[in-house]
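# Report on the structure
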Amino acid sequence: MANFEVKYRAQVLREFHSVPPVTGNRGRLQQVFLNLVINAAHAIPKGDVAHNYIRVTTLLDGDHAVARVSDSGSGIAPEHVQRIFDPFFTTKPLGQGTGLGLAITNDIVHHHGGEISVQSELGRGTTFTLRFPLPKETPHK
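Residues numbered from 1 in each chain as written. Predicted model: local features only at pLDDT ≥ 70, side-chain atom pairs only at ≥ 80, totals over all residues. Heavy atoms only, no water.

## Remarks on the pattern of salt bridges
What the rule picks out here adds up to four salt bridges. The partner of D61 in a salt bridge is R131, with the nearest N and O atoms 2.7 Å apart. Separated by 70 residues along the polypeptide, D61 in strand β2 (residues 53-61) and R131 in strand β5 (residues 125-133) bring together distant segments of the chain. Of the residues examined, D61 reaches a relative accessible area of 39% and is grouped as partly exposed. Note that R83 and D86 form a salt bridge whose closest N and O atoms lie 3.6 Å from each other. Owing to a relative accessible area of 32%, D86 belongs among the partly exposed residues under this scheme. (Salt bridge = Lys/Arg side-chain N within 4 Å of Asp/Glu carboxyl O. Helix = DSSP H or I, 4+ residues; strand = E, 2+ residues; numbered from the N terminus. Buried < 20%, exposed > 50% of the residue type's maximum accessible area, 1.4 Å probe, protein only.)

## Considerations on unusual backbone geometry
Phi is positive for F88, close to 75 degrees, though the residue is something other than glycine. By the secondary structure assignment, F88 is in the loop between α3 (78-81) and α4 (101-111).

## Considering α4
Buried within α4 are the following residues: L102, A103, T105, N106, I108 and V109. Buried residues along α4 sit in contact with α2 (26-42), β4 (115-121) and β5. Of the residues flanking the end of α4, it is G113, one or two places downstream, whose phi is positive at about 80 degrees. (Contact = heavy atoms within 4.5 Å.)

## Considering the sheet that holds strand β3 (residues 64-71)
Taken in spatial order, the five strands make up an open sheet running β1-β2-β3-β5-β4, and their pairing is mixed. Across the chains shown, the open sheet's two edge strands, defined by having one partner strand only, are β1 (11-16) and β4. Strand-to-strand twist of the sheet, defined as the mean angle between neighbouring strand axes without regard to direction, takes the value 15 degrees. Pairing analysis gives seven bridges linking β4 to β5, with the strands arranged antiparallel. Opposite E121, over in β5, you have G125 as the bridge partner. Here α4 sits on the sheet and contacts β4 and β5; the angle it forms with β4, its principal contact strand, is near 140 degrees. (Pairing = 2+ DSSP bridges. Axes fitted to C-alpha atoms, helices over the stretch in contact; angles between N-to-C directions.)

## Overview of the pairing of β5
One face of the sheet, then the other: side chains in a regular strand alternate in exactly this way. Extensive coverage of β5 is indicated by the burial of seven of its nine residues. Pairing geometry for β3 and β5, over eight bridges, is antiparallel. Across the sheet, R68 pairs through a bridge with T129, a residue of β5. Adjacent in sequence and paired antiparallel, β4 and β5 are bridged by three residues, among which G123 carries a positive phi angle near 80 degrees.

So this is what it looks like as structure tokens:
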């Protein structure tokens, strides 16, 4: 679904490590990743696909499944990082964003018992990290 936004901007790199499934609504979780990949694409100017990337990584960290969406884009200004999950906050030009994508993403992640955080450096890119608890195993009787 994000191919049109990505194909002239960056390579998509996948680093999927073995992670047990998390409990949740598949469609809503797909929306989370779609929002993050499209935002990453928008942070990268068109034209230099060979040198730009969007990396999606999954890994296991204790009792959490972790996913990261990283990009080689423009980064987020430090003064904006604290507000990026606020509804209607956007750094995009007028008419190019509603400021709802990351607010919705944040709500979906928290609804699934997860956490989302961001690290960004201007001119060097951004990484969103999502942590979801793994389902508790029920003891066999």
